[in-house]
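# Structural overview
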Amino acid sequence: MNIDEKPKFTILEIQDLNVNYSGIQALKTINLTIQKGEVVTLIGANGAGKTTTLRAISKIVNPKSGEIIYNGHNITRRPTHETVKIGIAHCPEGRRVLAKQTVFDNLLLGAYIRSNKAEIKADIQHQFELFPRLAQRRNQLAGTLSGGEQQMLAIARALMSRPKLLLLDEPSLGLAPAIVLEIFSIIENLRATGVTILLVEQNANLALQIADRGYVLEAGSITLTGVASALISDERVKKAYLG
Ligand SMILES: Nc1ncnc2c1ncn2[C@@H]1O[C@H](COP(=O)(O)OP(=O)(O)O)[C@@H](O)[C@H]1O
Ligand SMILES: [Mg+2]
C-alpha cells in the first residue's frame, strides 16, 4: 500500500437494491459504495432512478429487496427519523422549504431530532455564517426567497441535523448559471468540513468536476462507474451526458 494512501472506511454500502413503485421497477439490483469523506455523484437522465436511490437510503420509499448498510448498521428497514438520527440528511429535489415559515423556523425544523437548545441556536448561527444571504433574510418567509436562496436554505436545513452523510438531490435544478456556481462552491466547502456527500445531478459536467467518483444510472441500472476524472473523459458519458 502506498504510504500516502488514506485508510478507507465505507460509510454507505448499497447491495443488490431493488425498488418498485406499484409494478414499475424503478431500481434494478443496484450496487453502490461510498467511502467516508468522498463526494460521489449519481448522474443519469430524467427518470433513471436517481431520486429513488436517495429516497431508498432515507427510507422515504421502502426497498423491495437488497440491503443498505450505513456505518456498519443495516438500515434497510429503519424508518426515516432513525436514519436522520444516525447521521443521514436528505436535501430533497425541488428544495421543499416551508414557504409560510421564516428562514429561521425552517432551520429550526431541520434540528427536529435534537434537543439541546443552546447547541441548536449555535448551529443556526453557524449556518448564517456559511450562508450570509440567509442571515440577512432570517425573518423573511421562505416562500419569498429566490430559487437559489431556497436551495441554500434547503441545504442549511439539512445540515441542522449535523449529518455525516448528506444526500443532495439536483441542487442546481432551475437555477441561473451564476447561482449554480455559488451552490457548487458551497458543496465544495462542505466537503472540506468532512461531510460525505452523495450528489444527484443532471448537470453531469459540474457534478463530475467536484466529485471523487461517479455512477451512471440508466433506466434503473448502474451502467458505468469510476473515478470522476475518468468518467468525464469517457466517450459514452460525453456522448450521453456532457453534450
Ligand atoms: N411515486 C412514484 N410512483 C410511481 N412511479 C414513480 C414514482 N416516483 C418515481 N417513479 C418512476 O420511477 C422511475 C425513476 O424515477 P426517479 O427516481 O424520480 O428518477 P430521476 O430522479 O432519475 O429522474 C421513473 O420511471 C418514474 O416515473
Ligand atoms: Mg430526480
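Owing to the predicted nature of the structure, the values given are computational and were not obtained by experimental measurement.

Moving on, we come to the overall build of the chain. When helices and strands are counted, the chain shows ten helices and ten strands. The globule rule puts the C-alpha radius of gyration for 243 residues at 18 Å, and the 18 Å found for the chain is close to it. Taken along its principal axes, the extent of the C-alpha atoms in the chain is 50 × 45 × 40 Å. Buried positions account for 49% of the 243 residues belonging to the chain. On the chain, roughly 11,700 Å² of surface is accessible, and the fraction owed to carbon and sulfur atoms is 52%. Charge-centre separation for the chain: the mean point of 28 positive side chains lies 6 Å from the mean point of 22 negative side chains.

A separate point is the pairing of strand S6 (residues 88-91). Both faces of S6 are covered, namely the face carrying Ile88 and His90 and the face carrying Ala89 and Cys91. As defined by bridge partners, S6 adjoins strand S7 (residues 165-169) across four bridges and the pair is classed as parallel. In the sheet register, alanine 89 faces S7, and the bridge partner there is leucine 166.

Attention now moves to the site of ligand 1. Close to ligand 1 lie Tyr21, Ala26, Ala45, Asn46, Gly47, Ala48, Gly49, Lys50, Thr51 and Thr52. In the environment of ligand 1, an oxygen atom lies 2.9 Å from a nitrogen or oxygen atom belonging to the backbone of glycine 49. Between lysine 50 and ligand 1, the recorded distance is 2.8 Å, taken from a side-chain N or O atom to an oxygen atom. Burial of ligand 1 by the protein amounts to 64% of the accessible area it has alone, namely 560 Å². Across the shell around ligand 1, the residue classes break down as four nonpolar, five polar and one charged.

Taken together, four strands build an open sheet; the order of strands is S2-S1-S4-S5 and the sheet is antiparallel. At either end of the open sheet lies a strand with only one pairing partner, and these are strand S2 (24-35) and strand S5 (73-74). The sheet contact formed by strand S1 (residues 10-21) and S2 spans eight bridges and is antiparallel. Residue pairing in the sheet places isoleucine 14 in a bridge with leucine 32 of S2. Where helix H1 (residues 50-57) meets the sheet, it contacts S1, S2 and strand S4 (65-70), and its direction lies at approximately 115° from that of S1.

This part covers the nonpolar core. The biggest cluster of nonpolar side chains holds 49 residues, and the ones touching the most others in it are Leu166 and Ile197. Val19, Ile30, Ala56 and Leu165 belong to the second largest nonpolar core, which has 26 residues in total.

Let us look at the pattern of salt bridges. Summed over all chains, the structure comprises twelve salt bridges. Here glutamate 82 makes a salt bridge to arginine 78, at a shortest N to O gap of 3.5 Å. As a salt-bridge pair, arginine 162 and glutamate 119 come within 3.6 Å of each other at their nearest N and O atoms. Of this pair, arginine 162 sits in the loop between helix H6 (147-159) and S7 while glutamate 119 sits in helix H4 (residues 117-130), and the two are 43 residues apart along the sequence. Judged by its relative accessible area of 45%, arginine 162 falls in the partly exposed class. Each of Arg114, Glu119, Asp123 and Arg162 takes part in salt bridges that share partners, so that together they form one network.

A separate point is the coordination of the magnesium ion (ligand 2). The expected angle between donors at a tetrahedral four-coordinate metal is 109.5 degrees. At an octahedral six-coordinate metal it is 90 or 180 degrees. Taken together, Thr51 (OG1) and Glu93 (OE) make up the protein donors of the magnesium ion (ligand 2), found 2.0 to 2.4 Å from the metal. With threonine 51 in helix H1 and glutamate 93 in the loop between S6 and helix H3 (103-110), the pair connects residues that are 42 residues apart, well separated along the chain. Look at glutamate 93 and you get partly exposed, because its relative accessible area is 31%.

Among the structural elements, serine 58 can be located in the loop between H1 and S4. When its relative accessible area of 3% is taken as the criterion, serine 58 is described as buried. Side-chain polar atoms of serine 58 contact the side chain of histidine 90, separated by 2.6 Å. Apart from residues lying up to four places away in sequence, serine 58 is in contact with Thr80, Thr83, His90 and Leu167.

H6 packs onto H3 with a crossing angle of 35° between their chain directions and a minimal axis gap of 7 Å. Seen from above, H3 lies across H6 with right-handed handedness. Counting all contacts with H3, which are made through Val103, Asn106, Leu107 and Gly110, the residues of H6 involved are Leu153, Ala156 and Arg157.

Conventions we followed
- Residues numbered from 1 in each chain as written.
- Chains lettered and ligands numbered in written order.
- Predicted model: local features only at pLDDT ≥ 70, side-chain atom pairs only at ≥ 80, totals over all residues.
- Heavy atoms only, no water.
- Helix = DSSP H or I, 4+ residues; strand = E, 2+ residues; numbered from the N terminus.
- Rg over C-alpha atoms; globule rule 2.2 N^0.38 Å.
- Buried < 20%, exposed > 50% of the residue type's maximum accessible area, 1.4 Å probe, protein only.
- Areas by Shrake-Rupley, 256 points an atom, 1.4 Å probe, with all protein chains shown as cover.
- Lys, Arg positive; Asp, Glu negative; His and termini not counted.
- Charge placed at Lys NZ, Arg CZ, Asp CG, Glu CD.
- Pairing = 2+ DSSP bridges.
- Near = heavy atom within 4 Å.
- Polar contact = N/O pair within 3.5 Å; in protein donor to acceptor, adjacent residues only side chain to side chain.
- Nonpolar A, V, L, I, M, F, W, Y, C, P; charged D, E, K, R; others polar.
- Contact = heavy atoms within 4.5 Å.
- Axes fitted to C-alpha atoms, helices over the stretch in contact; angles between N-to-C directions.
- Core = buried A, V, L, I, M, F, W, Y, C linked by side-chain atoms within 4.5 Å.
- Salt bridge = Lys/Arg side-chain N within 4 Å of Asp/Glu carboxyl O.
- Donors = N, O, S within 2.8 Å, 3.2 Å for Na, K, Ca; no water.
- Left-handed = near helix turned anticlockwise from the far one by under 90°.

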